[in-house]
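In case you want the letters, here they are:
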Amino acid sequence: MSRKGTKKDNANNKAGLLQKKIADLTAEDLDNLELPLGTASRPYPMWGTVVVDEDGHQSIEQRLGAVKDDEEPLRLYSERKYEEVIGMMYRDMPTPSMMPMQKDILEMLKPESKNRIYFMKGDPGAGKSFLGGLVGRAQSERPVEIFDCGGKNMNDLLFEMVLDFGKGDALPQAIDKRLAAGAIEPLSYGLLKNGLPEKYVEETEDGKLVIDWEGLKESGTENVEKAYAVLTKVSKLEGLDSAGGNALGMNSQYGLAIRDFIEGNFSTYDEYNKSKEGTDNALQTFLQFANGEIDECTVVNPLKNKDQTSGPSEFTFRREDTKLGWGIVMTGNAVEDGTTTRSLNKSVYSRLTPVTIPKPSLMDWQHRICQIMTGLPVSTLYRTFKDKADKDPEQFTEMLLYWRQAGLSEEQKANIPQIHTSLLKNWKNVIEASEKLAKFYKGWAELTDPDKALIKDGNLVDEVDEEYQKEVSIDFRKVIQHIQYAMPIRAKMSRANPSDDVDFNPKSWAAEPAKRIKRQKESIERNFGTRLTDLLADKLYETAGGAGKPGLYKHLKELMKQCGLKDLHLQEGAHSSAKSVESALNINLFDTTDLNEQVKLAQKMFADYVRESNPEVKATDDNAIVTVAQMKETLERVKTHLSEDAPVFLIPNTDPETLSSNPFVTAEKIDVADEKNRDFEPVTEELVDHDAFMMTLAFPKAADQNLKAVWDKENNLALLLMKSNYAQKRIDLESDIEELKAAKNAAAPSTDETDGVSGPTGGVFGDDDTLVEKQKELLDLLKKEAAQLKDFNQPTDEVDTYMKELRKEIKAAGGDIEDETRTVTPFTGDVILDDDVKIAENDSDTGIGATTVVVKSVNENGEAKAVPVHIIVNNSSKKTLVVGGAASDRLSTLFREVGVRHINRDDQNAAAQLRDALADIMRGASEDTRNNVKSALLFRNDPVGVDESKIIEHNEKASMEDILLSYEPYLGKYLVANKQAPRQM
Amino acid sequence: MTENGKKEKNGKADGYREGGAAPAASPSLSAASGAEADMDIVARQAARLKITEECPVEILPHGSRLYFVAKGWETSIIEKDPDVRVVETLKAFEEALRDPKAETVFIPEGARVTLPQLMRISRRNAVEKVIYKEENKGEQSDA
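Residue numbers restart at each chain and count upward from 1, following the sequence in its written direction. Labels follow written order: the first chain is A, the first ligand is 1, and so on. In keeping with the model being predicted, local features are shown solely for residues with a pLDDT of at least 70 and side-chain atom pairs are shown and tallied solely at 80 or more, while totals for entire chains, interfaces and linings include all residues. Computation of side-chain values: all heavy atoms of the structure, hydrogens and water removed.

Okay, the pairing of strand β18 (residues 848-858) of chain A next. Residues and elements named next belong to chain A. Residue exposure (1.4 Å probe, protein chains only): buried if accessible area is under 20% of the type maximum, exposed if over 50%, otherwise partly exposed. We count a stretch as a helix when DSSP gives it H or I for four or more residues in a row; a strand needs E for two or more, and each element gets its number in order from the N terminus. In terms of burial, β18 is a largely internal element, nine of the 11 residues being buried. The pairing of β18 with strand β19 (residues 864-874) spans 11 bridges and is classified as antiparallel. Pairing of V858 across the sheet is with A864, part of β19. By definition, two strands form a pair when at least two bridges between them are found by DSSP. As consecutive antiparallel partners, β18 and β19 are separated by five residues, and within that stretch G862 has a phi angle of approximately 80°, a positive value.

Laid out in structure tokens, this is it:
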């Protein structure tokens with residue numbers, strides 16, 4: 001059996017070994033306890049000094065590396081199983097700056113180490129006591145106590161006075177019962193409330209006292225004495241002193257330091273430099289023993305015989321009695337504020353040489369942000385295993401998921417928040433977002449630090465000072481608060497819109513509001529990024545803008561922009577491959593690197609659709625409808641068989657006979673704007689089903705394909721618009737020319753008509769000139785038209801013939817046609833289009849596209865009718881808005897999950913929903929762009945029941961909501977199911 | 001303190017009970033039919049998922065997650081879950097924190113466990129647990 005296997009099997013036999021004296025441990029015991037951390041095949045991230053080669057020069061730098069040494073890895077002596085320890089160490093890994101401290105602590109706990117105490121100082125929230133707790137937890141399952149030194153007499157660590165309530169804690173229980181029943185004497189109540197140490201007693205909102213008896217028992221000698229006096233009085237007042245068992249006493253006993261030494265426990269003394277000044281003198285010899293300076297020391301109990309108490313008189317620490325589990329981590333605050341935090345004795349400095357934790361680096365911020373969001377320090381793990389992760393991202397995902405739950409019990413696994421798993425599956429997004437968040441938090445912390453803020457902007461002198469810094473304290477704890485606050489789905493605030501359709505009927509307000517919009521279940525991760533970044537924006541205002549610090553608020557808002565937190569679209573249509581924090585953390589259901597998971601989701605989605613749309617299908621097992629393998633193959637075929645620009649639509653196949661082998665069939669688009677389809681008469685029954693089309697917009701791969709196919713790469717609409725524009729201008733000019741000709745003929749009957757050429761004679765000369773000018777204007781128009789037709793790769797025969805005839809006429813009229821180039825747009829080879837046309841073709845620099853397709857909707861009676869589906873996309877923010885008919889709850893949920901906003905035009909609240917959706921999808925768009933989107937939709941849609949002569953006027957007044965909710969297609973893009981030999985995908 | 005605060009399950013103090021012992025509890029898992037047991041498991045998962053997704057949460061000093069849950073069907077299910085330790089006093093809460101077998105702790109509404117005290121107890125015990133604190137709907141914390 002392998003060494004590893006032996007250890008695993010022996011895991012249960014390790015219990016108690018840490019509490020044995022090191023001297024009594026056998027080699028086998030040590031081997032059983034020893035767990036390697038950081039071997040060649042399983043490196044453990046570590047921060048430290050490395051020699052770096054740069055341009056032939058070597059320098060010493062502090063970098064992130066790894067411990068990866070089979071002979072000398074980090075060694076941890078633990079009674080826990082290997083997998084539990086490794087899981088803990090990867091999940092709760094200290095920040096890079098604190099990694100060397102973790103390494104030092106583990107070194108200190110080796111059996112051969114005489115030094116068993118480690119002291120670190122750092123800013124609040126750096127994770128000092130957490131690191132102490134982590135080491136203790138990794139050692140064994142036994143409780144790990146964190147001793148709060150704040151305000152305490154340090155001698156209590158050696159000998160402490162404790163309250164003795166006797167067997168069964170009868171007195172506390174009797175008092176608690178009376179408190180709960182409200183049956184305690186008012187005087188007793190007052191004594192307990194005001195006489196017991198404040199920290200251990202609290203009054204609830206409903207006026208009940210809650211006493212922390214366990215804390216009170218060992219609250220330090222002074223507190224215990226105070227509590228003893230109070231409880232003695234209360235006991236008498238309540239008549240509890242006479243009852244049997246309600247004993248109350250005070251005893252001195254070994255303090256935590258001695259108890260832990262005896263029991264072989266690891267413990268953390270927190271906030272050591274907040275302890276009571278001058279009280280650690282008695283500790284000095286103990287500290288010398290703990291750091292290995294001396295091998296024996298005796299400490300004397302100063303409480304012995306005090307206040308009639310009994311207890312041990314002294315204790316002797318001997319090196320040979322040291323247990324393997326024994327060790328101490330002391331923490332202290334870096335800031336010496338002179339009030340609660342004090343400077344330490346010189347002797348403490350020299351004996352314990354406190355290590356100062358550096359200010360958090362960007363890497364540290366990112367590490368903690370990742371840990372809080374996912375339960376794992378994804379950024380540090382990625383940096384450590386970068387090459388492998390980049391080469392095989394799916395395998396890295398698997399490792400992340402493994403580390404997240406390694407060694408946890410089933411119960412603990414069940415408690416992992418779903419969002420952790422979702423974010424880990426999207427680790428690239430997490431890394432991108434956390435990097436920006438790290439910059440933001442670091443920048444925020446610096447802007448609230450007077451030393452740094454004033455260097456940045458001297459004007460902040462009136463706004464940022466040390467008091468303010470303490471008040472807002474941007475540290476890791478704030479990150480925890482913010483991220484946790486953003487986790488649950490909360491009510492969302494939208495910008496006020498004066499035209500909102502609010503209920504203004506006082507009578508209806510008296511009743512509870514009808515739940516007009518059925519709440520659709522949204523996963524927590526779908527809009528996590530939006531919630532988090534909205535919260536951060538609010539916090540900036542709360543702590544700066546709203547706190548009378550306008551200069552700071554301005555800097556913070558700028559920082560937020562620079563760090564790319566929100567989808568602000570600083571420059572309209574600016575395309576960027578970098579995602580904002582908001583969009584990176586708004587996790588799409590299908591946006592996972594795990595292809596298998598994507599396929600499973602697709603299978604479920606497809607099977608649900610088939611069951612819903614085809615009552616003949618009774619199978620409850622998804623595999624009976626389509627297997628994962630078939631779905632995977634189909635999705636891969638979509639990717640490989642369809643070229644990027646193929647205008648082919650994928651529509652779910654609902655034929656039970658063939659759907660399992662061909663889950664999708666293809667459909668085509670017939671665009672009436674295309675000249676060749678001008679006479680197309682749609683057969684409603686042949687159109688693609690509304691629900692089927694809608695379903696594909698939420699489907700992986702199919703959605704991408706169909707959204708591509710919706711747009712018109714042939715520029716049919718632009719060509720049609722161009723041609724109709726020229727046609728109209730031609731008609732106007734031709735009409736003018738005809739009138740001039742008629743006028744000329746009427747005014748000059750004597751003109752020689754033999755050759756049809758007017759002579760420059762008499763009063764008619766002026767009329768000829770005007771006629772020629774108009775004809776030349778028409779010629780110029782035709783030249784432009786020909787040039788643009790060439791730009792569109794269209795034939796120019798008709799225009800060329802017309803120009804030839806026109807030239808003849810101009811000459812006949814005595815005109816000169818030498819200046820052929822005037823005012824003519826040269827042939828450029830590029831189609832130059834207005835932005836509304838580009839938006840209609842999804843080719844606009846604004847990143848916005850808007851169009852309408854026509855599908856069929858079948859009612860309950862089986863009657864089909866053609867209905868429009870409007871689609872607006874924002875390519876910059878990767879958002880899609882679809883306005884169509886009703887969708888099932890399941891489909892609505894899916895739309896949300898994949899980031900498609902669907903508006904049911906038949907919903908009575910559709911206009912308000914649409915306003916909100918339009919504001920979101922066109923966030924940052926200029927007024928011109930908004931008008932162009934409207935214009936783009938008007939190219940293909942007309943108002944219903946409006947006289948043709950009034951359409952233009954009507955359109956000018958119409959809002960975008962009117963067009964999307966009530967107009968009908970005029971130049972439709974009909975989606976037609978392939979009837980014959982459909983291309984099967 | 002006895003044995004560094006360690007106590008076995010059968011040495012329980014007042015204000016301490018296993019989940020599943022709540023009034024009107026569903027039949028025990030062993031007595032329940034397979035289907036009922038499955039239903040119980042699904043209900044427990046659903047309740048936990050709903051809580052983790054919708055309820056305010058606070059991360060305590062050593063990584064424990066404290067969820068503030070409005071009294072409702074979710075808390076009713078959590079309270080009856082045999083894997084959950086139900087505590088009604090500070091003492092029982094601290095014992096649950098110190099018991100490695102109690103990985104999930106439920107504090108019912110009305111329990112004599114206040115938030116500041118709960119925080120302090122969590123600070124002095126380096127453990128990572130999941131804690132559900134039931135609250136009256138009208139008074140739910142906004143962590």
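Still to come is the rest of the account.
Moving on, we come to the packing of aromatic side chains. Residues and elements named next belong to chain A. Stacked, edge-to-face and tilted labels apply to pairs of Phe, Tyr and Trp rings (six-membered ring for Trp) whose centres lie within 6.5 Å, assigned for plane angles under 30 degrees, over 60, and everything in between, in that order. Going through the model one piece at a time under the given rule, you end up with 31 aromatic pairs over all chains. Look at F289 and W326: their rings are 6.0 Å apart centre to centre, the planes differ by 35°, and that puts the pair in the tilted class. You can see F289 sitting in helix α11 (residues 284-290) and its partner W326 sitting in the loop between β13 (314-318) and β14 (327-333), a full 37 residues away along the chain. Seen from their ring centres, F606 and F664 are 5.7 Å apart, and the 55° between their planes marks the pair as tilted. One end of the pair, F606, is in helix α27 (residues 595-613); the other, F664, is in strand β17 (residues 664-671), with 58 residues separating them in the sequence. Considered together, F606 and F664 belong to a single accessibility category, that of buried residues. Counting every residue linked through ring pairs, the aromatic cluster contains F159, Y254, F261, F286, F289, F315, F317 and W326. Charge-over-ring contacts are defined here by two conditions on Lys NZ or Arg CZ: a distance within 6 Å of the ring centre and an angle within 35 degrees of the ring normal. Looking at R319, its charged tip hangs above the ring of F289, at a distance of 4.2 Å from the centre. Across from the ring centre of Y468, 4.4 Å away, lies the NZ or CZ of K549, which sits over that ring.

The next subject is the interface of chain B and chain A. Chain B puts 43 residues into the contact, and the matching count from chain A is 49 residues. Buried area, as used here, totals the accessible surface that two parts lose on assembly, with accessibility defined by a 1.4 Å probe and the loss added over both. Between chain B and chain A the total buried area reaches about 4000 Å² when both faces are included, carbon and sulfur atoms providing 47% of it. Definition used for salt bridges: Asp or Glu carboxyl oxygen within 4 Å of a side-chain nitrogen of Lys or Arg. Counting across the chain B and chain A interface gives seven salt bridges. Polar contact criterion, stated in full: a pair of N or O atoms within 3.5 Å, where within protein one must be able to donate a hydrogen and the other to accept it, and residues adjacent in sequence count only if both atoms are side-chain atoms. Taken together, chain B and chain A are joined by 16 residue pairs in polar contact (both at pLDDT 80 or more). Elements with a minimum of two residues in the side of chain B that touches chain A: α1 (34-54), β2 (57-59), β3 (65-70), α3 (90-98), α4 (115-124) and β6 (130-135) of chain B. Here the element with the most residues in the side of chain B that touches chain A is α4(B); it accounts for six residues. Residue polarity follows a fixed list, in which Ala, Val, Leu, Ile, Met, Phe, Trp, Tyr, Cys and Pro are nonpolar, Asp, Glu, Lys and Arg are charged, and the others, Gly among them, are polar. Broken down by class, the residue content of the side of chain B that touches chain A amounts to 18 nonpolar, eight polar and 17 charged. Should any heavy atoms of two residues lie within 4.5 Å, those residues are counted as being in contact.

With that settled, consider the confidence of the model for chain B. Residue and element names in this part refer to chain B. Each residue carries a pLDDT score, the predictor's confidence in it, ranging from 0 to 100. Here chain B shows a mean pLDDT of 75. Residues at 70 or above account for 69%. Contacts for the low-pLDDT stretch residues 1-13, under 50 throughout, to residues beyond four places or in other chains number 22 contacts. In this model, residues 20-32 is a region of pLDDT below 50 whose contacts with residues beyond four sequence positions or in other chains number 18 contacts.

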